[in-house]
Amino acid sequence: AFGWTKYYELEEIQAWLDEVLAKYPAVTEEFVVGTSYEGRTIRGIKISHKSGNPGIFIESNIHAREWITSATATWFINELLTSVDAEVRNLADSYDWYIIPVFNVDGFEYSHRKDRMWRKTRQPHATNACIGADANRNFDSHWLESNGASDNPCSETFAGDQPGSEPEAKALAEFLTNNQDKFDAYFSFHSYGQYLLSPYGHTSTEFPENYDDILAMGKAFADAIEALPYGTAYRYGSTAFVLYVATGTSVDWVFNELDKKIGFTIEYRDTGRYGFILPPVQIIPNCEELLVGMLALIEKSKELG
Ligand code: 0X9
Ligand code: ZN
Ligand code: ZN
């Protein structure tokens, strides 16, 4: 049976998603974002317990090797559907959740079959032998600016030949544009480093007008996680200020182009001991941290109005 004590391959995750959709037909619905370069379907699940809820969008595993992200996304889906905890039930009931457990489907499959450290998409480049682009540099917001991405197809942060050159990024941008009225907050799941990152990615010297609120949400998230027995410390703040300059990311695109006020990148465990190869025994602790962090962040956002 599916669980959270090991990592699963794409096919197993998709089969589990099918099971969940079949088991909870009244509150779940599949959505299809589009098709990857290699022809795989990019799937998501909508969880809605009542009509009229605000929406929260979660994109996970845009970077192939960050397996903890899809493990955490599936665990979170399961919690929203099965938890009997009052706070979690409230979280499940009060929002429409749109969750893509594995966004970079081709890269994820490749990271299981051939190269555990694969990050990018799998689309070949016309004039270079290197394959793929960083899907999280391929969105049309400050694309390829200020050393936040690379124009070298062999780089791990290759931005692609143009914004939306990667079919996956193009499909997601289209899907989000078409459905922008359905969500207010956007989360992108990554590893590793233990950060909660917010816009902007393209500059470390300018900050969004609601940055004080963003920081308050970040503090709530980090404090809640650190209060768990694991004592895991998260840092929070703008991507360019706290981590590094990154341009053309999905979160910044949603924030800047779709005018959303809440957009976060979560960099999960750890801080480098295991890095991307986070041991399976840490999956559930990581998931528990996300849940308390998410609860606190959303509570804070309500408080701030
Ligand atoms: O570089 C990235 O794309 C992310 N870090 S990772 O080590 N997982 O590759 C951080 C991107 C965060 N930036 C924004 N979304 N603004
Ligand atoms: Zn710009
Ligand atoms: Zn990442």
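Residues numbered from 1 in each chain as written. Chains lettered and ligands numbered in written order. Predicted model: local features only at pLDDT ≥ 70, side-chain atom pairs only at ≥ 80, totals over all residues.

Looking up the chain in an unreviewed UniProt entry gives the name Zinc carboxypeptidase A 1, with the organism given as Drosophila ananassae.

(A) Representation of the sheet that holds strand E9 (residues 235-238) in the model. Taken in spatial order, the eight strands make up an open sheet running E1-E2-E4-E3-E7-E10-E8-E9, and their pairing is mixed. Unpaired on one side and paired on the other, strand E1 (28-35) and E9 mark the two borders of the sheet. For this sheet, the mean angle separating the axes of adjacent strands, direction not counted, is 20°. Here strand E7 (residues 185-191) pairs with strand E10 (residues 262-268) via seven bridges, running parallel. (Pairing = 2+ DSSP bridges. Helix = DSSP H or I, 4+ residues; strand = E, 2+ residues; numbered from the N terminus. Axes fitted to C-alpha atoms, helices over the stretch in contact; angles between N-to-C directions.)

(B) Region of the structure containing helix H9 (residues 283-304). Compared with the 32 Å implied by 1.5 Å per residue over 22 residues, the 31 Å span of H9 between its first and last C-alpha is a close match. Regarding H9, the residues found buried are Ile283, Asn286, Cys287, Glu289, Leu290, Leu291, Gly293, Met294, Ala296, Leu297 and Ile298. Residue Gly305 follows H9 closely and has a positive phi angle near 80°. (Expected span 1.5 Å × (residues − 1). Buried ≥ 20, exposed ≤ 12 C-beta atoms within 10 Å, placed from the backbone.)

(C) Representation of the packing of helix H6 (residues 211-226) against H9. Relative to each other, H6 and H9 sit at 145°, their axes nearing to 8 Å. Considering only the axes of H6 and H9, their crossing is right-handed. Facing Asp213, Ala216, Met217, Ala220, Phe221, Asp223, Ala224 and Ile225 of H6, the residues of H9 in contact are Glu289, Val292, Gly293, Leu295, Ala296, Leu297, Glu299, Lys300, Ser301 and Leu304. Taken together, the residues that form the contact of H6 with H9 break down as 11 nonpolar, two polar and five charged. (Left-handed = near helix turned anticlockwise from the far one by under 90°. Contact = placed C-beta atoms within 7 Å. Nonpolar A, V, L, I, M, F, W, Y, C, P; charged D, E, K, R; others polar.)

(D) Inspection of the nonpolar core at higher detail. By size, the foremost hydrophobic cluster in this structure holds 80 residues, and its most contacted members are Ile58, Phe76, Ile99, Tyr186, Leu196 and Phe221. Among all residues touching Tyr186, those that are not within four sequence positions of it are Phe57, Val251, Val254, Lys260, Ile262 and Gly263. (Core = buried A, V, L, I, M, F, W, Y, C linked by C-beta atoms within 7 Å.)

(E) Region of interest: helix H5 (residues 167-178). Compared with the 16 Å implied by 1.5 Å per residue over 12 residues, the 16 Å span of H5 between its first and last C-alpha is a close match. Listed as buried for H5 are Pro167, Glu168, Ala169, Leu172, Ala173 and Leu176. Those residues of H5 hidden inside the fold are in contact with E1, strand E2 (41-47), strand E3 (55-60) and helix H8 (250-257).

(F) The arrangement of the pairing of strand E4 (residues 96-100) in detail. In terms of burial, E4 is largely enclosed, as four of its five residues are buried. In this structure, E2 lies alongside E4, joined through three bridges in antiparallel fashion. When the sheet's bridge partners are listed, Lys46 is paired in E4 with Tyr98. For E3 and E4, the ladder comprises five bridges, and the chain directions are parallel. The residue bridging Phe57 from the neighbouring strand is Tyr98, located in E4.

(G) Focus on the pairing of E1. Sheet analysis places E1 next to E2, joined by seven bridges and oriented antiparallel. Along E2, the bridge assignment pairs Thr35 with Thr41.

(H) Structural detail: unusual backbone geometry. At the junction of Ser191 and Tyr192, the peptide bond is cis and its omega measures out at 5° in the coordinates. With respect to the helices, strands and loops of the structure, Tyr192 is situated in the loop between E7 and strand E8 (195-198). A cis amide bond, omega 5°, links Pro199 with the succeeding residue Tyr200. In this structure, Leu144 is a non-glycine residue whose phi angle is positive, near 60°. If you check the backbone angles, Gln194 has positive phi at about 60° while not being a glycine. By secondary structure assignment, the location of Gln194 is in the loop between E7 and E8.

(I) A look at the packing of helix H1 (residues 10-23) against helix H2 (residues 67-82). It is at 12 Å that the axes of H1 and H2 come closest, and there the two elements cross at 10°. By the angle between their axes, H1 is roughly parallel relative to H2. The segment H1 lies against H2, with Ile13, Trp16 and Val20 engaging Ser70, Thr74, Ile77 and Leu81. Tallied by class, residues from the contact of H1 with H2 come to five nonpolar, two polar and no charged. (Parallel < 35°, antiparallel > 145°, perpendicular 65-115°, else oblique.)

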